[in-house]
Structures are given as C-alpha cells and as structure tokens.
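What follows is the residue order along each chain.
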Amino acid sequence: SAVISQKPSRDICQRGTSLTIQCQVDSQVTMMFWYRQQPGQSLTLIATANQGSEATYESGFVIDKFPISRPNLTFSTLTVSNMSPEDSSIYLCSATAGPPGTEAFFGQGTRLTVV
Amino acid sequence: GENVEQHPSTLSVQEGDSAVIKCTYSDSASNYFPWYKQELGKRPQLIIDIRSNVGEKKDQRIAVTLNKTAKHFSLHITETQPEDSAVYFCAASLPNSGYALNFGKGTSLLVTP
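So, here's what we can say about the structure. Given the structure is predicted, the values throughout are model-derived calculations rather than measurements.

1. Focus on the sheet that holds strand S6 (residues 56-59) of chain B
Residue and element names in this part refer to chain B.
- Strand order in the open sheet made by the five strands is S1-S3-S8-S7-S6, with antiparallel pairing throughout. The open sheet has two free edges, formed respectively by strand S1 (4-7) and S6, since each of these has just one partner strand. Strand-to-strand, the axes of this sheet are offset by a mean angle of 15°, without reference to chain direction.

Structure follows, in structure tokens:
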C-alpha cells in the first residue's frame, strides 16, 4: 500500500490569489491524479500528473487554471490559480502503484475556501 | 465520455439488515470497478473491487457483482453494523486511461441500531 500526504490540509484564500497543494507518496507509484470533491458531492478527476511531462487534463479543466507538476515518481503539486469562490472545494491527490486495475490510494485532501 | 450512475443516493437500514447499492456505467471498455467508503471528513478508502473478467467477489460481509452485458455492478453489505454508516462511491476505470477512475455520485448509508 501507499501512504499519501497532502499539504496544506486546509486553507482560506483571497479571491484572485493562487494556492499550491503538495502531494507526497511514501513509495514509488505508477500514476498520480488530482480530483476535486465539492462538500457532500462526488469526486471529479481534474488531471493525471505525468512524470516529467505536461499533465493530462479532463474536459472542463485547463492548465492555465490548474497547473500541475510531477518532478519525480513520488511527488506532485497542483496549483489553483486566480481563485474565485467557485474554486472552494476539497482537492484530493491519488496514486496507484501497479498496472491498470490496481488499488488507488487517496490523500486526506486539502479543504480550500476562497473568500 | 464514461458516465457512472449510482442508486440510491441515500439508504437507511436497521442493524443486521442487508444493504445493496447499484451502479451502471456507459462505456463497455471499462474493466475495473472499485468501491470506496468515505467517512465524514476522511479520505476515500477502498473496500472491494472487481475486474471485468470476474462476475462476483466476496470479502466477509461485503460482496460485489458485475454484469458486463448489462453494464452494471452492485455492492452488497450483509449483517450491517452502525460502523458501516458512511458514503459509498462506486467507480469505473476510464477507458482511455486505464488507471484513472470515474466516480458515481455516492450513496449515504445510515445503519441504525
């Protein structure tokens, strides 16, 4: 199994600013992902973080708004840029250590409130 | 794209009863179907999963069934306990990304003593 740590666990930010969320895995993993979860709602995939190359974004999410880095096999960052209140949500990092069809683990999430 | 429908959105059962949650998916190329349990304020945790080459899988009180032809899968919890109260999410692998998941909207399960 993999243990995933996210920082910060929560933050309150002013609109128009940016926040970078860090995700650290305690072991080498194959794939890393970023999801968004509105309170009481489901998880929506933002993007797949690719090591050493540009992330793969899902429909409705763009690099300018959610730049992602993954410099090595165990670390990734997600930046929420030029924030608005609509960006208030929980952001979750996820990782899987095996081939497709292997368990995906989740970080504890970052609860972001934009005021 | 892939669409995962989950029902019911809320489910209340008495302790000891069984609970069943059903999901359907749209893309026949999906081949991995995990179920996650999320307690309030906590991260999602995998409770059971099934791959498309298997029709049923059981782990103690929890079982999952998969009907590939009908494109639906179900979670069965027997002898429910208050500790089973949580939100349960089904998910299906995204066909163009064998690792990423598309989640259902979740089922809030309440087990009353």
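2. Notes on the sheet that holds strand S3 (residues 19-25) of chain A
All names here are of chain A.
- Spatially, the four strands line up as an open sheet ordered S1-S3-S8-S7, and their pairing is antiparallel. Edge positions in the sheet fall to strand S1 (4-7) and strand S7 (68-72), since each has one partner strand and no second. The mean angle between the axes of side-by-side strands here comes to 15°, regardless of whether they run parallel or antiparallel.
- As paired strands, S1 and S3 are joined by four bridges and run antiparallel to one another. Bridge pairing in S3 links Lys7 to Gln22.

3. Regarding the pairing of S1 of chain B
Residue and element names in this part refer to chain B.
- Burial of the side chains of S1 is restricted to one face: Val4 and Gln6 are buried, whereas none of Glu5 and His7 on the reverse face is.
- Two strands pair when backbone bridges link them, and S1 and strand S3 (residues 19-25) are joined in this way by four bridges, in the antiparallel orientation. Looking across to S3, one finds that Gln6 is bridged to Cys23.

4. Considering the side chain of Ser74 of chain B
Residues and elements named next belong to chain B.
- Residue placement: Ser74 occurs in strand S8 (residues 72-77).
- By relative accessible area, Ser74 is classed as buried at 8%.
- Contact partners of Ser74, with chain neighbours within four places excluded, come to Ile21, Lys22, Trp35, Ala63, Val64 and Thr65.

5. Re the interface of chain B and chain A
- The partner chain A presents 24 residues to the 17 residues of chain B that form the contact.
- Both faces considered, chain B and chain A share a buried interface measuring about 1700 Å² in area, 60% of it formed by carbon and sulfur atoms.
- Of all residues in chain B, Arg43, Tyr99 and Phe103 of chain B bury the most surface against chain A, accounting for 40% of the area lost on that side.
- On the surface where chain B and chain A come into contact, there are zero salt bridges.
- Where chain B packs against chain A, one counts seven residue pairs in polar contact (both at pLDDT 80 or more).
- Among the secondary structure elements, those contributing two or more residues to the side of chain B that touches chain A are strand S4 (32-38), strand S5 (45-51), strand S9 (86-94) and strand S10 (97-103) of chain B.

6. Details of the packing of aromatic side chains
- Enumeration over the complete set of coordinates arrives at 13 aromatic pairs over all chains.
- Ring pairs connect the aromatic residues Phe33, Tyr35 and Phe106 of chain A together with Tyr36, Phe89 and Phe103 of chain B, which therefore count as one cluster.

7. Thoughts on the pattern of salt bridges
- Within this structure, the stated rule accounts for five salt bridges over all chains.
- Of the charged contacts, one joins Lys65 of chain A and Asp87 of chain A as a salt bridge, the two residues approaching to 2.6 Å between their closest N and O atoms. Here Lys65 of chain A, found in the loop between strand S6 (56-57) and S7, pairs with Asp87 of chain A, found in the loop between strand S8 (75-80) and strand S9 (89-96); they are 22 residues apart in sequence, far enough to count as distant.
- Close ionic contact of Lys57 of chain B with Asp49 of chain B constitutes a salt bridge, the shortest N to O distance being 2.8 Å.
- Classification of Asp49 of chain B as buried rests on a relative accessible area of 8%.
- Sharing partners across several salt bridges, the network here consists of Asp49, Arg51 and Lys57 of chain B.

Reading the values: the criteria
Residues numbered from 1 in each chain as written. Chains lettered and ligands numbered in written order. Predicted model: local features only at pLDDT ≥ 70, side-chain atom pairs only at ≥ 80, totals over all residues. Heavy atoms only, no water. Pairing = 2+ DSSP bridges. Helix = DSSP H or I, 4+ residues; strand = E, 2+ residues; numbered from the N terminus. Axes fitted to C-alpha atoms, helices over the stretch in contact; angles between N-to-C directions. Buried < 20%, exposed > 50% of the residue type's maximum accessible area, 1.4 Å probe, protein only. Contact = heavy atoms within 4.5 Å. Buried area = accessible area lost by both parts, 1.4 Å probe. Salt bridge = Lys/Arg side-chain N within 4 Å of Asp/Glu carboxyl O. Polar contact = N/O pair within 3.5 Å; in protein donor to acceptor, adjacent residues only side chain to side chain. Phe/Tyr/Trp six-rings, centres within 6.5 Å; stacked < 30°, edge-to-face > 60°.

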